[in-house]
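# Overview (structure and organization)
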Amino acid sequence: MNALGEFGQRIRALRTEKGLTQQQLADKVFITRTTVSNWEAGTRMPDIVMVSRLSKILGVKPYELIGDASDADTSPTLILVEDEPCLLTGFIHLLSNELPNATAFGFQTGNEALAFAETNRIDVAFLDVELFGENGIDLAEKLSEIHPQTNIIFLTSHSEYSFDALRLHCSGYILKPLTPEKIRHEMAHLRFPIRGGINA
């Protein structure tokens, strides 16, 4: 068995030991059930930020999870930064349903998203503008410094940030609530091409 397969078996065994379903684990880590399923099937591997989250939830050290596995995933990567856990979970599920060939990761803070960006290419970033103690505009600037060709789509309840979004040449600006129609519209007008394309 290869390293990815061994990782998948570890995740499945630890999840079962904790009495968690794939969906329950996904909700705790702010990802989709499909992502957990892919990890357990040995077809994908999480990055170090996700491994850290998983290790805390599953009660093991990160090195106990990853062994010698490495990430060879080439599907488009989306992130969503939203400080409200209920909204974050709901939005991640909505993105997963609308963009099934992409992998979506959710973060409650800009610092988590930036740590993820340091070791992962991000094709599309959906950013709430008003984060607790943070600003999504500042976060967008920092993400663009790390990955200049990340498509930034602001997700907010406030229209007054549109000038700042235009100044940053963002790919989109969605006024909440997030809907399938809004996702499809913005994904059809991205500034930068993405890996593998996205079927919206």
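Look up: the structure comes first, before these words.
These notes cover the structure that comes with them. (Residues numbered from 1 in each chain as written. Predicted model: local features only at pLDDT ≥ 70, side-chain atom pairs only at ≥ 80, totals over all residues. Heavy atoms only, no water.)

### Quick notes on the overall build of the protein chain
Counting secondary structure elements, the protein chain contains 10 helices and 7 strands. In summary, the protein chain has a C-alpha radius of gyration of 17 Å against a globular reference of 16 Å for 200 residues, a match within 12%. Its C-alpha atoms give the protein chain principal-axis dimensions of roughly 50 × 30 × 30 Å. A burial count over the protein chain gives 51% of its 200 residues as buried. A separation of at least 24 residues holds for 67% of the contacts in the protein chain among residues at least 6 apart in sequence. Each charge class in the protein chain was averaged separately, 18 positive and 26 negative side chains, and the resulting centres sit 5 Å apart. (Helix = DSSP H or I, 4+ residues; strand = E, 2+ residues; numbered from the N terminus. Rg over C-alpha atoms; globule rule 2.2 N^0.38 Å. Buried < 20%, exposed > 50% of the residue type's maximum accessible area, 1.4 Å probe, protein only. Contact = heavy atoms within 4.5 Å. Lys, Arg positive; Asp, Glu negative; His and termini not counted. Charge placed at Lys NZ, Arg CZ, Asp CG, Glu CD.)

### Section: the sheet that holds strand 2 (residues 103-107)
Sheet architecture is open: 5 strands sit in the order 2-1-3-6-7, paired in parallel fashion. Among the strands making up the open sheet, the edge pair consists of strand 2 and strand 7 (172-175). The sheet shows a mean angle of 20° between the axes of neighbouring strands, taken without regard to direction. Pairing of strand 1 (residues 77-81) with strand 2 involves 5 bridges; the strand directions are parallel. When the bridges of strand 2 are listed, L78 appears paired with A104. (Pairing = 2+ DSSP bridges. Axes fitted to C-alpha atoms, helices over the stretch in contact; angles between N-to-C directions.)

### Re the packing of helix 2 (residues 22-29) against helix 3 (residues 33-41)
Two elements in contact, helix 2 and helix 3, have axes separated by 8 Å at closest approach and are oriented at 110°. Judged by the inter-axis angle, helix 2 sits roughly perpendicular to helix 3. Taken as a pair, helix 2 and helix 3 cross one another with a handedness that is right-handed. Residues Q22, Q23, L25 and A26 of helix 2 form the contact with helix 3, whose own contacting residues are R33, V36, S37 and E40. For the contact of helix 2 with helix 3, the per-class residue count stands at 3 nonpolar, 3 polar and 2 charged. (Parallel < 35°, antiparallel > 145°, perpendicular 65-115°, else oblique. Left-handed = near helix turned anticlockwise from the far one by under 90°. Nonpolar A, V, L, I, M, F, W, Y, C, P; charged D, E, K, R; others polar.)

### Side note on unusual backbone geometry
The omega angle of the peptide bond from K176 to P177 is 10°, so this bond is cis rather than trans. One non-glycine residue, F30, lies in positive phi territory at about 60°. A positive phi angle, near 55°, is found at H169, a position not held by glycine. Relative to the elements of secondary structure, H169 occurs in the loop between helix 9 (162-167) and strand 7.

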